Amino acid sequence: MRTALRACAALMILVGLGGGVSPTSARDLDAVIGESLFDRVWTVAGASNRGSDGLGPLFNARACVSCHAGGGAGELEDGRGLVLRFPDDPHYGRQLQTGAVQGQEAEGGLAVSWRREERVLDDGTRVELRAPVWRIEEPGAGPVPAHGSLRLAPSLAGLGQVETALGAATQEEAAGRGFGLKADHASLAGPVREALLLDLGLSTPEQPAPWGDCTALQPTCRTGPHGVEPGDAGAELSPTIVNALLAYLRDLPAPRPLAGPDPEGERLFMQSGCAACHQPRLGELVAFSDYRSHDLGEGLADGDPADPQAAFWRTAPLWGLGRKLANGGFLLHDGRARDATEAILWHGGEAEGAVAAFSVMPAAARARLLKFLEGL
Ligand code: HEC
Ligand code: HEC
């Protein structure tokens, strides 16, 4: 109860009610509050502002916007938005937290180097591919886990429309589609709560452990500062906060295409079998994704090789691809691909036929297909 009251007070301070924000409807107000929460730099429990604190004890960033700049995708260049997930490690938990509040020890630093390999297309064109190899610098929580999965923050643009399209689909159509890089969340609230818990160390009523991803083998951080005081019922954050964040995400417009229709480019896209997964339309939505996860083969598999889901990834939506490419690429779940050609050549598994079609295309047709992708 007290948590909820604190949250309300914090919300009013955050939007500065009476201080010039003039939303036109209740929904706008939620989105405005949500945006300030998304940009908010969370503070440690016990700091002077007790409004809605509770960051940590372990965290990866202090704000959503640190990884999803402006709701956009992460950039590998400076490591922003990159995290390392584990298959529930007894020491490190579900994710490597590279930050910790004062008096606590971070689990280590995340460093990435590159393994390079070359592919040769049918017409002799050589393409250098790079795959990330992660390392934990100064591991602080115990023996380094054998397996991990690097993930780069995806763009959040248009997620509200995806939610609407999935909501309008029949139960049968919507089954298996969803949010997160493995499509493992049926609702948009899922990855938001997960982000609060794993990335920021903030608990919600559904994930109430105030120590976040700190495991039973990390006793110091289990007793470290957090935002729930003795006698408090509930979690560090009330549902109001999660709902405001959701309202902001739902308000983020879908990416707009950079170029007009290109029937010839689209024909090549369909002909190569890309649309089997990058389904152009989902109801009203033109996102070029079926929002399902598919087996993309060994090359993109990571985490525990014994995990049957290791090679499965959600079809990356191709809307906004042109802007992503203009911003330096960072394609695929870990940002390894620097352009569309590299991204396509990493496809395997269920997409083997499509890669083969791409690899044998005459240079002019391939250029045309790539131009189509750049216009999305
Ligand atoms: C430390 C970096 C980091 C921070 C901070 C972070 N995220 Fe993310 N976000 C990620 C990564 C990485 C993924 C992909 C995770 C996965 O599904 O494997 C992701 C995925 C998501 C998704 C799913 C997107 C989709 O396409 O399905 C949503 C929604 C999201 N984040 C919202 C948030 C919100 C809201 C916050 C703040 C509460 C936040 N994130 C903070 C890195 C971050
Ligand atoms: C079997 C399903 C499937 C087929 C067929 C397929 N893709 Fe993909 N595509 C995916 C998945 C899944 C991802 C995400 C992989 C990852 O995150 O590592 C992806 C990612 C991409 C990306 C990276 C986008 C980004 O923002 O990171 C591009 C570009 C792409 N595909 C283009 C194509 C093209 C062009 C074709 C046809 C030649 C094609 N794909 C065929 C499933 C498929």
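Structure shown above.
So, how was this worked out
- Residues numbered from 1 in each chain as written.
- Chains lettered and ligands numbered in written order.
- Predicted model: local features only at pLDDT ≥ 70, side-chain atom pairs only at ≥ 80, totals over all residues.
- Heavy atoms only, no water.
- Helix = DSSP H or I, 4+ residues; strand = E, 2+ residues; numbered from the N terminus.
- Buried < 20%, exposed > 50% of the residue type's maximum accessible area, 1.4 Å probe, protein only.
- Contact = heavy atoms within 4.5 Å.
- Areas by Shrake-Rupley, 256 points an atom, 1.4 Å probe, with all protein chains shown as cover.
- Donors = N, O, S within 2.8 Å, 3.2 Å for Na, K, Ca; no water.
- Polar contact = N/O pair within 3.5 Å; in protein donor to acceptor, adjacent residues only side chain to side chain.
- Tetrahedral: all angles 85-135°; square planar, octahedral: opposite > 155°, others 65-115°.
- Near = heavy atom within 4 Å.
- Nonpolar A, V, L, I, M, F, W, Y, C, P; charged D, E, K, R; others polar.
- Salt bridge = Lys/Arg side-chain N within 4 Å of Asp/Glu carboxyl O.
- Pairing = 2+ DSSP bridges.
- Axes fitted to C-alpha atoms, helices over the stretch in contact; angles between N-to-C directions.
- Phe/Tyr/Trp six-rings, centres within 6.5 Å; stacked < 30°, edge-to-face > 60°.
- Lys NZ or Arg CZ within 6 Å of the ring centre and 35° of its normal.
- Arc of directions from axis to C-beta.

Draft legend 1. Examining the overall build of the protein more closely. Assigned secondary structure in the protein consists of 13 helices and nine strands. Out of the 376 residues belonging to the protein, those deemed buried represent 49%. Across the protein, every contact between residues at least 6 apart in sequence was considered, and the portion connecting residues at least 24 apart equals 66%. Taken as a whole, the protein presents about 17200 Å² of accessible surface, with 55% of it coming from carbon and sulfur.

Draft legend 2. Molecular detail of the coordination of the iron atom of ligand 1. Coordination of the iron atom of ligand 1 by the protein comes from a single atom, His 68 (NE2), at 2.1 Å. Position of His 68 among the secondary structure elements: in the loop between helix H3 (64-67) and strand E2 (82-89).

Draft legend 3. How the structure looks around the side chain of His 333. With respect to the element layout, His 333 can be found in the loop between helix H10 (321-326) and helix H11 (340-346). On the accessibility criterion, His 333 (7% relative accessible area) is buried. A polar contact of 3.2 Å, which involves the side chain of His 333, links it to the side chain of Asp 302. At 3.4 Å, the side chain of His 333 and the side chain of Asp 334 are in polar contact.

Draft legend 4. Geometry of the coordination of the iron atom of ligand 2. For the iron atom of ligand 2, the full set of protein donor atoms is His 278 (NE2) and His 347 (NE2), at a range of 2.0 Å. For the iron atom of ligand 2, the six donor atoms in the first shell make angles of 85 to 180 degrees at the metal, a pattern classed as octahedral. In this pair, His 278 sits in the loop between helix H9 (263-271) and strand E8 (293-295) while His 347 sits in the loop between H11 and helix H12 (352-359), placing the two residues 69 residues apart along the sequence. You'll find His 278 and His 347 in the same group, each marked buried.

Draft legend 5. View of the site of ligand 2. Taken together, 23 residues lie near ligand 2, and Cys 274, Cys 277, His 278, His 333 and His 347 sit nearest. His 333 is positioned such that a nitrogen or oxygen atom in its side chain is 2.6 Å from an oxygen atom of ligand 2. Here His 347 contributes a side-chain N or O atom positioned 2.7 Å from a nitrogen atom of ligand 2. At the level of secondary structure, the elements contributing two or more residues to the shell around ligand 2 comprise strand E9 (312-314), H10 and H11. Residue composition of the shell around ligand 2, grouped by class: 15 nonpolar, five polar and three charged.

Draft legend 6. Structural detail: the pattern of salt bridges. A complete count under the given rule lists 15 salt bridges for this structure. Put simply, Arg 85 and Glu 194 hold a salt bridge, and the shortest N to O gap is 3.1 Å. In this pair, Arg 85 sits in strand E2 while Glu 194 sits in helix H6 (residues 189-200), placing the two residues 109 residues apart along the sequence. Pair check on accessibility: Arg 85 and Glu 194 agree, each one buried. For the salt bridge of Arg 338 with Glu 342, the shortest nitrogen-to-oxygen distance reads 3.1 Å. Owing to a relative accessible area of 6%, Glu 342 belongs among the buried residues under this scheme.

Draft legend 7. The arrangement of the sheet that holds strand E7 (residues 149-152) in detail. The sheet built from three strands is open, its strands ordered E3-E2-E7 with antiparallel pairing. Looking at strand neighbours, the two that pair on one side only are strand E3 (93-95) and E7, the edges of this open sheet. Adjacent strand axes in the sheet meet at a mean angle of 30 degrees, parallel and antiparallel pairs treated alike. Here E2 pairs with E7 via four bridges, running antiparallel. Paired with Arg 85 across the strands is Ser 149, a residue of E7. Sitting on the sheet, H6 touches E2 and E3, and the angle it makes with E3 is about 100 degrees.

Draft legend 8. How the structure looks around the site of ligand 1. In the vicinity of ligand 1, 27 residues are found, and the nearest of them are Cys 64, Cys 67, His 68, Arg 151 and Gly 180. Taking Leu 181, its main chain carries an N or O atom lying 2.7 Å from an oxygen atom of ligand 1. In this structure, Arg 314 approaches ligand 1 through a side-chain N or O atom, which is 2.7 Å from an oxygen atom. Broken down by secondary-structure element, the contributors of at least two residues to the shell around ligand 1 are H3, E2, E7 and H6.

Draft legend 9. View of the packing of aromatic side chains. Enumeration over the complete set of coordinates arrives at six aromatic pairs. Ring geometry for Phe 38 versus Tyr 248: centroids 5.0 Å apart, planes at 45 degrees, classification tilted. Placement of the pair is Phe 38 in helix H2 (residues 26-39) and Tyr 248 in helix H8 (residues 239-251), with a sequence separation of 210 residues. On the basis of relative accessible area, Phe 38 is assigned to the buried category, the value being 4%. Taken together, the aromatic side chains of Phe 86, Tyr 92 and Trp 134 make up a single cluster linked through ring pairs. A cation over a ring is seen here: Arg 119 above Trp 346, with NZ or CZ 5.7 Å from the ring centre.

Draft legend 10. Structural detail: H12. For H12, the full list of buried residues reads Ala 354, Val 355, Phe 358 and Ser 359. End-on view of H12: buried residues confined to an arc of 135 degrees, all on one side of the axis. More than 90 degrees from the buried face of H12, the exposed residues found are Glu 352 and Gly 353. Taken together, the buried residues of H12 touch H11 and helix H13 (363-374).

Shape descriptors only; they carry no functional weight alone.
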